Amino acid sequence: MMGAVVQTPRVGIIGTGAIGGFYGVMLARAGFDVHFLLRSEFPAVAEHGLQLNSAVHGALTLNPVQAYSSAADMPPCDWLLVGAKTTSNAELAPAIIKAAASGAKVLLLQNGLDVEDSLRELLPDSLHLLGGLCFICVHRAAPGVIEHQALGGVNIGYHSGPALTEERADEQARRAIVEEGAGLFRKAGLDSQAMANLQQARWQKLVWNVPYNGLSVLLGASTTPLMADASSRELIQALMAEVVQGALACGHTLPPGYAEQLFNVTQKMPDYWPSMYHDYLHKRPLELSAIYARPLAAAKAAGCDLPKIEALYQALSFVDRRNG
């Protein structure tokens, strides 16, 4: 008697920028059937493929690419990795629905708090929605060209969908889905952890995103100069401490020494311009709602003020409006 054939999941990338491009190329090279949705970069990628210049994995090319300019043309995908910015989530829902196989898992590879909530309302109940937190230094250098400097891990948690009741069977189902997602990345040679609590995981990621994203824009500085100056170092640590305080107020105790650990990791990292700086440079809207407004509102609702983060948010809001 023959064993059951294990079907390799088909993966769709919604938003093939730096994040979608990096993970899509890595998964395709690991043997997954990966399909890429592109907007402005479709002609370049259809003609030349995707080029990933990685300090970790070397120079990798994916050509030809299974590229599409419309989600309606994509085959039904079992996993959909959303690499687009949170500022475009409402517009993404129709594309996700068109590209999703029955019971598909939608993984948001995005920064910020509660980014899944607004998208959830626009998706059918039959789709699983997960959050993914990328620990990576990567940016898009040109259409279809991605520069990867360091790291690459993804932490994954379940947000909502068919496996969301309190029953034990459902908890096992949720864990199995999250483990399946982590397994995709591990097969591609990337570190991936299942997170039991997605909200807590998102607060943890904010410990890095709040200081470095905002300060890169306001001070016009990448990580190396920010870490080399006594005043900016002190400000980074104070902002990190406020994020930890906000998380605690919202019921999430972060691992002891977590902020200090991220601070030390950044000290050793190659010089890096965070994604918000690239958005500012290209006059794209900044992801201020997900990274600043929502955490501030959540902390305030729990009776906790975060004055330094509030000041950073007010300054960035001015810069964002003026830049637009």
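Whatever comes next refers back to the structure up there.
Residues numbered from 1 in each chain as written. Predicted model: local features only at pLDDT ≥ 70, side-chain atom pairs only at ≥ 80, totals over all residues. Heavy atoms only, no water.

K.L.:
Go over empty space enclosed by the protein with me, naming the residues and quoting the values.
P.N.:
One pass over the full model with this rule turns up one cavity of 30 Å³ or more. There is about 30 Å³ of room inside the largest cavity. For the largest cavity, the full set of lining residues is W203, L206, V210, V243, Y292, P295, L296, L306 and I309. Within the residue set of the lining of the largest cavity, elements represented by two or more residues are α6 (198–219) and α11 (288–301). Taken together, the residues of the lining of the largest cavity break down into nine nonpolar, no polar and no charged. (1 Å grid on protein atoms, 1.4 Å probe; cavity = no way out; pocket = protein on both sides within 12 Å on 5 of 7 lines; lining within 4 Å. Points joined across faces, edges and corners; volume = space filled by probe spheres on them. Helix = DSSP H or I, 4+ residues; strand = E, 2+ residues; numbered from the N terminus. Nonpolar A, V, L, I, M, F, W, Y, C, P; charged D, E, K, R; others polar.)

K.L.:
Lay out the pattern of salt bridges with the relevant residues and their values.
P.N.:
A side chain with one charge can pair with a side chain of the opposite charge if their charged atoms come near. In the structure shown here, the tally under the stated rule is twelve salt bridges. Note that K85 is salt-bridged to D279, the shortest N-O span being 3.2 Å. Of this pair, K85 sits in the loop between β6 (77–82) and α3 (89–99) while D279 sits in helix α10 (residues 275–281); the two residues are 194 residues apart in sequence, bridging distant segments of the chain. Judged by its relative accessible area of 27%, K85 falls in the partly exposed class. Exposure remark for D279: the relative accessible area of 1% places this residue in the buried category. Ionic pairing is found between R284 and D279, a salt bridge with its closest N-O pair at 2.9 Å. What you see here is one network of salt bridges that share partners, running through K85, D279, R284 and E287. (Salt bridge = Lys/Arg side-chain N within 4 Å of Asp/Glu carboxyl O. Buried < 20%, exposed > 50% of the residue type's maximum accessible area, 1.4 Å probe, protein only.)

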